[in-house]
Amino acid sequence: MDSKTTGIVAYITWIGLVIALVMGDREGAKFHINQALVIWLAGLLGIIPCVGWIWGIFCFVCAVMGCISAINGEEKEVPLLGKIKLLK
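Below is a summary of the structure that appears in this document.

Cut-off values and rules
- Residues numbered from 1 in each chain as written.
- Predicted model: local features only at pLDDT ≥ 70, side-chain atom pairs only at ≥ 80, totals over all residues.
- Heavy atoms only, no water.
- Phe/Tyr/Trp six-rings, centres within 6.5 Å; stacked < 30°, edge-to-face > 60°.
- Helix = DSSP H or I, 4+ residues; strand = E, 2+ residues; numbered from the N terminus.
- Axes fitted to C-alpha atoms, helices over the stretch in contact; angles between N-to-C directions.
- Parallel < 35°, antiparallel > 145°, perpendicular 65-115°, else oblique.
- Contact = heavy atoms within 4.5 Å.
- Patch = residues over 30% accessible without salt bridge, like charges linked within 9 Å, V, L, I, M, F, W, Y side chains within 5 Å.
- Areas by Shrake-Rupley, 256 points an atom, 1.4 Å probe, with all protein chains shown as cover.
- Salt bridge = Lys/Arg side-chain N within 4 Å of Asp/Glu carboxyl O.
- Buried < 20%, exposed > 50% of the residue type's maximum accessible area, 1.4 Å probe, protein only.
- Left-handed = near helix turned anticlockwise from the far one by under 90°.

### Some points on the packing of aromatic side chains
Here comes step 1: If you walk through the whole model with that rule in mind, you get two aromatic pairs.
Here comes step 2: Here Trp14 and Trp40 contribute two aromatic rings whose centre-to-centre distance is 6.4 Å and whose plane-to-plane angle is 45 degrees, an arrangement assigned as tilted. A residue pair is termed long-range when its members are at least 10 positions apart, and Trp14 in helix α2 (residues 14-23) and Trp40 in helix α3 (residues 30-43) qualify at 26 residues.
Here comes step 3: Plain terms: the ring middles of Trp55 and Phe58 are 5.2 Å apart, the flat faces sit at 35 degrees to each other, and that makes the pair tilted. Within this pair, Trp55 and its partner Phe58 are both found in helix α4 (residues 51-71), separated by three residues, close to a single helical turn.

The structure is reproduced here in structure tokens:
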């Protein structure tokens, strides 16, 4: 997969993130793979009642924003979570 496709697939689901890490152009799409990983890990806090539901919606919106950014070929950070780097 090329870097654009890898970036898009990373945002789709957990399975897409794993596929992007294993089969995709990891160096070309490192920015989007990192963002998707941070968004999905932060989304785990969505299981907390009340506040977690709002956080889950926020993470979903961030995933959509990141996917749109990957489709456009841009490296635009998502709000609040974009500065967190888990992959080097």
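So much for the structure itself; the text now carries on.
### Observations regarding the packing of helix α1 (residues 3-12) against α3
Here comes step 1: Packing of α1 against α3 brings their axes to within 9 Å, and their N-to-C directions diverge by 5 degrees. Considering the angle they form, α1 stands roughly parallel to α3. Note on element contacts: α3 touches α1 through His32, Ile33, Gln35, Ala36, Ile39 and Trp40, opposite Thr6, Gly7, Ala10, Tyr11 and Ile12.

### Side note on a nonpolar patch on the surface
Here comes step 1: Taken together, the side chains of Met1, Ile15, Val18, Ile19, Leu21, Val22 and Met23 make up a nonpolar region of the molecular surface, amounting to roughly 670 Å² of accessible area.
Here comes step 2: What makes Val18 partly exposed here is its relative accessible area of 48%.

### With respect to the packing of α3 against α4
Here comes step 1: For the pair α3 and α4, interaxial distance at closest approach is 9 Å and the crossing angle is 165 degrees. If you check the angle between α3 and α4, you find them roughly antiparallel. Judged by the twist between their axes, the crossing of α3 over α4 is left-handed. Within the contact between the two elements, α3 uses His32, Ile39, Ala42 and Gly43 and α4 uses Trp55, Cys59, Cys62, Ala63, Gly66, Ser69 and Ala70.

Treat this as a map of the structure, not an account of what it does.
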